[in-house]
Amino acid sequence: MQNRHFDVAVIGGGIVGTAVVRELSRYTLRSVLIEKEAEVGWGTTKANSGIVHAGFHDKPGTNKAKYCVPGNALYPALCQELDVNFRQNGIFMVARTDEEAELLHTYLEQGRENGVPGIRLVNAEEAVALEPNLTKDTKAALDAPSGGVVAPFELATALMENAEDNGAELLTETRVEDIAWDGTSFTIQTNRGSVTASHIINAAGLFADRIAAMVDDTSFSIVPRKGEEYLMDKAMGDIVERTIFPVPTGWTKGVLVIPTVDGNLMIGPTGETIERRDDMATTAEGFAQVYQNVKTLVEGIDPSKVIAPFAGIRAASDRGDFVIEPSSVCPAMIHAAGMESPGLTAAPAIALDVVRMLQDQVALTKKPDFRPRRRPVVRFHQLSREEQAGLIEQDARYGRIVCRCETVTEAEVIDAVKRGGRTIDGIKFRVRAGAGRCQGGFCMPLVMKILSRELGIPMQEVSKRGGETYQLKAAAKQFLTVEEAVQ
Ligand SMILES: Cc1cc2nc3c(=O)[nH]c(=O)nc-3n(C[C@H](O)[C@H](O)[C@H](O)COP(=O)(O)OP(=O)(O)OC[C@H]3O[C@@H](n4cnc5c(N)ncnc54)[C@H](O)[C@@H]3O)c2cc1C
């Protein structure tokens, strides 16, 4: 990669960076996305609630309000173009006391001012008729039908795949370590050598302040805030249709009940300001807090149905808002930072605005042959028996089930590798092999075997999430230790 020059380098392959690089790929530019992890989408983008917010939570006049509603409006067409699962299931903010019911009016007004379509108040009777598992305490609800749910990692990988199809480049396992600006061009120093770029888009999530500081811009800093989430078995998946929010009591949106786009139920998140930017631990206290809260919203949530706890870290800025602007020190670097919630929702609208900011600095020409659509994805478990039989007839690998919990076939895993999957987690997040009830207990060795074969690497070099997260070497080491103990 040494000495290569790009017109634009995007630093960070989360939902924001991938949305930006895909927008950039509409133009005749040499663009590159630089990501420190083995695949895109592994920062906060893979560990959040997956809600496409309606936009009534954000104070008018903030950047959050500015980008959330337009971002939400872009989702249906974007997900259709890229063949990504998206469901506009709607959002209910539920009041459990008379005081909370009064507060719903504030959010209704805020939502209307922000331009949230179809937002309205519903009384307790209608709320419970629409969502029969709401608790008896329900007094009223705010109904926002434009809210939705999406698989954030799938969207980030789809955006990147489409950007690459349109000529953008991707550098993974490439950590930006330093940046120098000579007045016309940046030299970006990484762990794998350096590249130069005329412009940088800083979409480095939790580390965006450090990227800014590399050009002496200290105009914002990141204040990490952890959120623990609990994914539940699909048996709980239809307990509610809409995503259920409480009326917020502090500075977070509160603990939610989320029917995920894949058919699971998710409860969370907590909100805790933390010191370390890599503290992904989940805790008994976190779970207790989540469960105590959701119990007061929805009846019948069974705590024994949790299949995967995880935590994500919000990259909040010390301004309390998104930072979407050219750097005041070095305007050729444009920040897309401070991306706490609703950053996932806002990302498509932010990408458009970042490109507009770039156009203020340099003339951009649209490519006549930009291809907006991604090659369609086969989701075997969503097909009818006849369609499944037809596929198996064409390709026997559709007849071999790799992941039994989620009914994922060998052909789908191979396709995920062809689309850029390089690791066990990369396959799990792309096609859900290992995302079900047994969490990979059955399919992990099969996925490893396919990765090894398709990538032409020994099994020992198949990693869970890049770097040295090898599964077989770890196992071999444990075995040796036991052997030594026996001797
Ligand atoms: C618990 C939780 C729940 C949330 N729920 C929602 C929700 O329901 N809806 C919603 O709209 N938003 C939600 N959010 C917010 C949303 O997840 C974020 O706004 C969004 O994912 C941020 O994306 P990003 O691309 O800015 O950051 P990231 O996804 O973190 O991407 C940044 C990337 O930069 C890379 N990087 C960092 N430093 C370097 C470097 N030096 N060199 C190279 N690469 C680097 C990282 O590896 C990472 O991949 C939630 C957040 C949390 C934590």
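Residues numbered from 1 in each chain as written. Predicted model: local features only at pLDDT ≥ 70, side-chain atom pairs only at ≥ 80, totals over all residues. Heavy atoms only, no water.

**Section: the overall build of the protein chain**
Secondary structure assignment for the protein chain yields 13 helices and 22 strands. Taking 2.2 N^0.38 as the reference for a compact globule, 487 residues should give roughly 23 Å; the C-alpha atoms of the protein chain span a radius of gyration of 23 Å, in line with that estimate. Principal-axis analysis of the C-alpha atoms gives the protein chain an extent of 65 × 60 × 55 Å. Expressed as a percentage of the 487 residues in the protein chain, the buried residues total 55%. Taking the contacts inside the protein chain whose residues are at least 6 apart along the sequence as the reference set, 72% of them involve residues at least 24 apart. Total accessible area on the protein chain stands at roughly 20,800 Å², and carbon and sulfur atoms take up 50% of it. Taking the average place of the 54 positive charges on the side chains of the protein chain and the average place of its 65 negative ones, the gap between the two points comes to 4 Å. (Helix = DSSP H or I, 4+ residues; strand = E, 2+ residues; numbered from the N terminus. Rg over C-alpha atoms; globule rule 2.2 N^0.38 Å. Buried < 20%, exposed > 50% of the residue type's maximum accessible area, 1.4 Å probe, protein only. Contact = heavy atoms within 4.5 Å. Areas by Shrake-Rupley, 256 points an atom, 1.4 Å probe, with all protein chains shown as cover. Lys, Arg positive; Asp, Glu negative; His and termini not counted. Charge placed at Lys NZ, Arg CZ, Asp CG, Glu CD.)

**Details of helix H1 (residues 15-24)**
Within H1, 10 of the 10 residues are buried, which leaves it mostly tucked inside the rest of the structure. When we look at burial in H1, the residues that qualify are Ile-15, Val-16, Gly-17, Thr-18, Ala-19, Val-20, Val-21, Arg-22, Glu-23 and Leu-24.

**Remarks on empty space enclosed by the protein**
Within the structure shown, the criterion is met by one cavity of 30 Å³ or more. Estimates place the volume of the largest cavity at around 30 Å³. As for the largest cavity, its lining consists of His-53, Ala-54, Gly-55, Phe-56, His-57, Asp-58, Cys-68 and Ile-91. Class assignment for the residues of the lining of the largest cavity results in four nonpolar, three polar and one charged. (1 Å grid on protein atoms, 1.4 Å probe; cavity = no way out; pocket = protein on both sides within 12 Å on 5 of 7 lines; lining within 4 Å. Points joined across faces, edges and corners; volume = space filled by probe spheres on them. Nonpolar A, V, L, I, M, F, W, Y, C, P; charged D, E, K, R; others polar.)

**Here's the deal with the pairing of strand S10 (residues 176-181)**
Sheet analysis places S10 next to strand S11 (residues 186-190), joined by five bridges and oriented antiparallel. Bridged to Val-176 within S11 is Thr-190. Hairpin geometry of S10 and S11 is characterised by an intervening segment of four residues between the two adjacent antiparallel strands and by a positive phi of about 105° at Gly-183. (Pairing = 2+ DSSP bridges.)

**Notes on the packing of helix H2 (residues 63-81) against helix H8 (residues 343-359)**
Close contact between H2 and H8 brings their axes to 6 Å; oriented N to C, the two are set at 100°. It follows that H2 is roughly perpendicular to H8 by the angle criterion. Where H2 approaches H8, its residues Lys-66, Tyr-67, Cys-68, Pro-70, Gly-71, Asn-72, Leu-74, Tyr-75 and Leu-78 are matched on the opposing element by Leu-344, Thr-345, Ala-346, Pro-348, Ala-349, Ile-350, Leu-352, Asp-353 and Met-357. (Axes fitted to C-alpha atoms, helices over the stretch in contact; angles between N-to-C directions. Parallel < 35°, antiparallel > 145°, perpendicular 65-115°, else oblique.)

**Looking at the pairing of strand S19 (residues 323-326)**
Note on strand geometry: in a regular strand, side chains alternate between the two faces of the sheet. As paired strands, S19 and strand S20 (residues 333-337) are joined by four bridges and run antiparallel to one another. Bridge assignment links Val-323 to a residue of S20, and that residue is Ala-337. Here S19 hands over to S20 after six residues, the two strands then running antiparallel side by side.

**Here we look at the domain arrangement of the protein chain**
Here the domain parsing of the protein chain yields domain 1 (1-86 + 150-221 + 318-376), domain 2 (87-149 + 224-307) and domain 3 (380-486). Distance between the C-alpha centres of domain 2 and domain 3: 33 Å. In this assembly, five residues from domain 2 lie in contact with six residues from domain 3. For the domain 2 face of the interface with domain 3, the top three residues by lost area are Asp-233, Lys-234 and Ile-307, together amounting to 71%. A salt bridge links Asp-262 to Arg-432; its shortest N-O distance comes to 3.1 Å. At the junction of domain 2 with domain 3, the criterion picks out four residue pairs in polar contact (both at pLDDT 80 or more). (Domains from an automatic or database assignment. Buried area = accessible area lost by both parts, 1.4 Å probe. Salt bridge = Lys/Arg side-chain N within 4 Å of Asp/Glu carboxyl O. Polar contact = N/O pair within 3.5 Å; in protein donor to acceptor, adjacent residues only side chain to side chain.)

**What about the sheet that holds strand S4 (residues 86-87)?**
Strand order across the open sheet formed by three strands is S3-S8-S4, with antiparallel pairing between neighbours. In this open sheet, the two edge strands, each paired with only one partner strand, are strand S3 (51-52) and S4. Taken together, the two bridges between S3 and strand S8 (residues 148-150) define a ladder with antiparallel strand orientation. By the bridge assignment, Val-52 is partnered in S8 with Gly-148.

**Concerning the side chain of Ser-146**
With respect to the helices and strands, the residue Ser-146 is situated in the loop between strand S7 (140-144) and S8. Judged by relative accessible area, which is 7%, Ser-146 ranks as buried. Sequence-distant contacts of Ser-146, defined by excluding residues within four places in its chain, comprise Ala-54, Asn-72, Gln-88, Val-116 and Pro-117.

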